[in-house]
Structures are given as C-alpha cells and as structure tokens.
Amino acid sequence: MALDFTAIDFETANSSGASACSVGLVKVRGGRVVDRAYWLIQPPAGHDEFLEWNTRIHGIRASDVVGALTWAQQLPDLVAFAENDAFVAHNAGFDMGVIRKACEVTGLAVPPAAYVCSLQVARKTYNLDSYRLPSAAMAAGFEDFEHHNAAADAEACAAIMVHAARRHGVDDLIALARACAIKVGRLGAPARAAA
C-alpha cells in the first residue's frame, strides 16, 4: 500500500463545530500531492455568527460566504474528493469534530472514514519546543505558508505526514500510525443490520 490519504483543514466562524466557513483538502498519492481543493462554506442558521476573534485569525467575514454553498450542499463534494481515503488533520479531534457537528446540526449521516492526527505524529517524530502546525511543518521542510488558510494548512499537514513516513521508514498511513504508536481514529458509524 502506498502513502495515500487526504489532508483536511477547516476554519470556523465561531466556537461551534458546525460553523465551518472554509475547508482545504489536499490529496496525496504515493507520497506526492496530486490534487488540491478549497472552498468557502455558508454555516447553518444558528451557527453562522462570525466572531471577531475567529475573523482575526483566518480573515473570513460573513460577507465572504454570502452565496457560498452550505455544508449539506458541499458534503458530497468533500466525500467525493477524498475517494474513501483516510483523512489526516493537524489536531484531528478539532477537524473531525467539525465534520461530526456539522452533520449533526444539518441532519446528515457522518461519512465513514479512518483518520490520523498529524499533531500526534509530529510529537512522535520531532523534538520541538512547539508542535503547532507552523513549527511541525518547518521541521518537515515546509515553510512560509499562509497559516489559517485552510488550503495552506492542509498542504502543511500533508507535508508533515510524508516527511514523517520517510523518517520512520514506512510507506503507508497505517504503518506510520503504528510506528508512532498512535491510534487510527474512526469517523462515522458502520451501518447497523436491521433487527
């Protein structure tokens, strides 16, 4: 199995996980970036307030997402882009939480997928003062990117995973998780048999 995965990063309008306002996706095949996607998302009503703190971080304003597709409209595109890949995210608990919460709020099923956290991989691969995305990306040789731009952050995350796999001498995501003694998470629930 080659080093194949989809790196993902969300920015949110506020502290609600359902308030995703942008997503960046980077597809990796055989340890190389082969495709990228980025789009703005219109958060659902009740989760659509843009807090000054969040806007200061990522620069996205409520006016920027007017006319953008909603989570429910874009989820099929997100799933199609990933092509049944495992997801990778830096602090994956946050990004997978966005998927779960946005699906919950919009009444959609959470898509099934495995995921691995590049923050946990970085902690087991590098000896750094900080494991925040810019520091870990720099350790992987990926520098000078626009932090808090979802597309740039997803690419930085992908670079960490590819570099870490080389350092650990492995060529697939599951082997990398094992080498780092970290858990492969699961998103979504398997279908239940009818009773």
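Structure's up top.
My aim in this report is to walk through the structure given alongside it, one point at a time. (Residues numbered from 1 in each chain as written. Predicted model: local features only at pLDDT ≥ 70, side-chain atom pairs only at ≥ 80, totals over all residues. Heavy atoms only, no water.)

**Things to note about unusual backbone geometry**
Here is step 1 of the chain: The phi dihedral of E83 falls on the positive side, at around 50 degrees, and the residue is not glycine.
Here is step 2 of the chain: Turning to its location among the elements, E83 is positioned in the loop between α2 (71-82) and β4 (87-89).
Here is step 3 of the chain: A relative accessible area of 45% places E83 in the partly exposed class.
Here is step 4 of the chain: Despite not being glycine, H148 shows a phi value in the positive range, around 80 degrees.
Here is step 5 of the chain: Locating H148 in the fold gives a position in the loop between α5 (133-139) and α6 (150-168).
Here is step 6 of the chain: We classify H148 as partly exposed; its relative accessible area is 26%. (Helix = DSSP H or I, 4+ residues; strand = E, 2+ residues; numbered from the N terminus. Buried < 20%, exposed > 50% of the residue type's maximum accessible area, 1.4 Å probe, protein only.)

**Describing the sheet that holds β4**
Here is step 1 of the chain: Pairing is mixed in the open sheet, where six strands are placed in the order β3-β2-β1-β4-β5-β6. Lying at the two open borders of the sheet, with one neighbouring strand each, are β3 (32-40) and β6 (185-187). For this sheet the average axis-to-axis angle between neighbouring strands, irrespective of direction, equals 30 degrees.
Here is step 2 of the chain: Sheet topology note: the β4/strand β5 (residues 113-117) ladder contains three bridges and is parallel. When the sheet's bridge partners are listed, V88 is paired in β5 with V116.
Here is step 3 of the chain: Helix-sheet contacts for helix α4 (residues 118-125) involve β4 and β5, and the interaxial angle to β5 is about 40 degrees. (Pairing = 2+ DSSP bridges. Axes fitted to C-alpha atoms, helices over the stretch in contact; angles between N-to-C directions. Contact = heavy atoms within 4.5 Å.)

**Overview of the packing of aromatic side chains**
Here is step 1 of the chain: For the structure on display, the rule yields two aromatic pairs.
Here is step 2 of the chain: When the centroid spacing of 5.8 Å and the interplanar angle of 50 degrees are considered together, the rings of F10 and W71 count as tilted. Of the two residues, F10 is situated in strand β1 (residues 5-12) and W71 in helix α2; the sequence distance between them amounts to 61 residues.
Here is step 3 of the chain: For W71, a relative accessible area of 3% puts it in the buried group.
Here is step 4 of the chain: With 5.5 Å between their ring centres and 45 degrees between their planes, F142 and F145 make a pair best called tilted.
Here is step 5 of the chain: Taking the relative accessible area as the measure of exposure, F142 reaches 22% and is therefore partly exposed. (Phe/Tyr/Trp six-rings, centres within 6.5 Å; stacked < 30°, edge-to-face > 60°.)

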